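# An overview of the molecular structure
Below are the chains, spelled out letter by letter.
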Amino acid sequence: MPRFFFDLFFDRYVVLDPGGMLFEYPTSASAAADELARHLLLMRSELRNSGSWIRVRDERRREVYRSSIDPDAAGGSTT
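Everything numeric here is computed off the predicted structure, so don't read it as measured data.

What follows deals with the nonpolar core. By size, the foremost hydrophobic cluster in this structure holds 14 residues, and its most contacted members are Phe6, Ile54, Val56 and Ile69. If you list the elements that add at least two residues to this core, you get β1 (3–10), α1 (26–43) and β4 (53–57). Element by element, the count of residues in this core is highest for α1, at 5 residues. Filtering out sequence-adjacent residues up to four positions away, Ile54 remains in contact with Phe6, Asp7, Leu8, Ala33, Leu36, Ala37, Leu40, Tyr65, Arg66, Ser67 and Ile69.

Encoded structure:
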């Protein structure tokens with residue numbers, strides 16, 4: 001099963017996910033990133049309206065998805 005990593009981009013900082021999570025399909029990792037972004041929006045007020053986002057990387061370190069933490073942004077995107 002492939003491993004996906006969820007990195008947080010906030011201001012000028014990047015917090016890399018050191019362990020990742022196993023998902024059978026990339027769409028499952030994308031859904032997890034969207035859920036994480038919703039959770040961070042509610043729990044971390046400093047991330048609201050800051051342009052922060054979650055990047056999903058695969059095992060080869062390729063970006064496969066982005067999920068915005070901004071409530072006014074139009075969902076995630078694939079790259």
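Once that is clear, we can look at the environment of Leu36. In this fold, Leu36 is placed in helix α1. Residue classification places Leu36 among the partly exposed residues on the basis of a relative accessible area of 30%. It is 9.0 Å that separates the C-alpha atoms of Leu36 and Phe6, two residues lying 30 residues apart in sequence. Not counting residues up to four positions away in its chain, the partners in contact with Leu36 are Phe6 and Ile54.

The rules we used
- Residues numbered from 1 in each chain as written.
- Predicted model: local features only at pLDDT ≥ 70, side-chain atom pairs only at ≥ 80, totals over all residues.
- Heavy atoms only, no water.
- Core = buried A, V, L, I, M, F, W, Y, C linked by side-chain atoms within 4.5 Å.
- Buried < 20%, exposed > 50% of the residue type's maximum accessible area, 1.4 Å probe, protein only.
- Helix = DSSP H or I, 4+ residues; strand = E, 2+ residues; numbered from the N terminus.
- Contact = heavy atoms within 4.5 Å.

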